[in-house]
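Architecture and fold: a report
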Amino acid sequence: MWPRTRSSACRLDGRYTGEGVMVVDDSSGVVEGGPADQAGIEAGDVITAIDGRPITQTDEPIVAIRAKAAGDDVVLTVQHGDSSEDITVTLGSSDEVTYEQP
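Residues numbered from 1 in each chain as written. Predicted model: local features only at pLDDT ≥ 70, side-chain atom pairs only at ≥ 80, totals over all residues. Heavy atoms only, no water.

Helices and strands together make up the secondary structure of the protein, namely two helices and six strands. What you see in the protein, going N to C, is helices and strands ordered as β-β-α-β-β-α-β-β. Taking all 102 residues of the protein together, 44% fall into the buried category. Of the contacts made within the protein by residues no fewer than 6 positions apart, 52% connect residues no fewer than 24 positions apart. Just so you have it, the protein exposes about 5700 Å², and 42% of that area is on carbon and sulfur atoms. (Helix = DSSP H or I, 4+ residues; strand = E, 2+ residues; numbered from the N terminus. Buried < 20%, exposed > 50% of the residue type's maximum accessible area, 1.4 Å probe, protein only. Contact = heavy atoms within 4.5 Å. Areas by Shrake-Rupley, 256 points an atom, 1.4 Å probe, with all protein chains shown as cover.)

Counting buried positions along strand β3 (residues 46-50) gives five out of five residues, so the element sits mostly inside the fold. As paired strands, strand β2 (residues 21-23) and β3 are joined by two bridges and run antiparallel to one another. Within β3, the residue paired with M22 across the bridge is V46. Here β3 pairs with strand β5 (residues 73-80) via four bridges, running antiparallel. Of the residues in β5, the one forming a bridge with I50 is L76. Two strands pair when backbone bridges link them, and β3 and strand β4 (residues 53-54) are joined in this way by two bridges, in the antiparallel orientation. (Pairing = 2+ DSSP bridges.)

With that out of the way, let us pick up the nonpolar core. In this structure, V23, I41, I47, I50, V74 and L76 are the most contacted members of the largest nonpolar core, which totals 18 residues. Of all the secondary-structure elements, those providing two or more residues to this core are β2, β3, α2 (59-66), β5 and β6 (83-90). Here the element with the most residues in this core is β5; it accounts for three residues. Once you skip the residues sitting within four places of it in the chain, I50 turns out to touch I55, A64, I65, V74, V75 and L76. (Core = buried A, V, L, I, M, F, W, Y, C linked by side-chain atoms within 4.5 Å.)

On the secondary structure map, S28 appears in the loop between β2 and α1 (35-39). Judged by its relative accessible area of 9%, S28 is buried. For S28, the side chain forms a polar contact with the side chain of D26, separated by 2.5 Å. (Polar contact = N/O pair within 3.5 Å; in protein donor to acceptor, adjacent residues only side chain to side chain.)

This part is about the pairing of β6. Bridge count for β5 against β6 is eight bridges, and the pairing is antiparallel. Pairing of V75 across the sheet is with T88, part of β6. Taking the residues that link successive antiparallel strands as the turn, the β5-β6 hairpin has two residues, and the phi of G81 there is positive, at about 60°.

What follows is the structure in structure tokens.
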């Protein structure tokens, strides 16, 4: 889960062992209406970089997000299937997001 103080409102799959980090591949992966959802991140997407820095472990995006403030933008390099694109996500406050258990 992304930090509660700043939020992109998606959950990462700690079991994923490929390149990058995977957004949980079910309905709990991306919070509907949250910053990640608004930016086009989907369940099962793989984040390979944040602000141009490669991501290899699930704690790396958390550390990068903690260095930002709500309202800041981050650029995520995201793999959707066979294609990859840079997606800008404007971080929200966790107070603005409702987290539900699957």
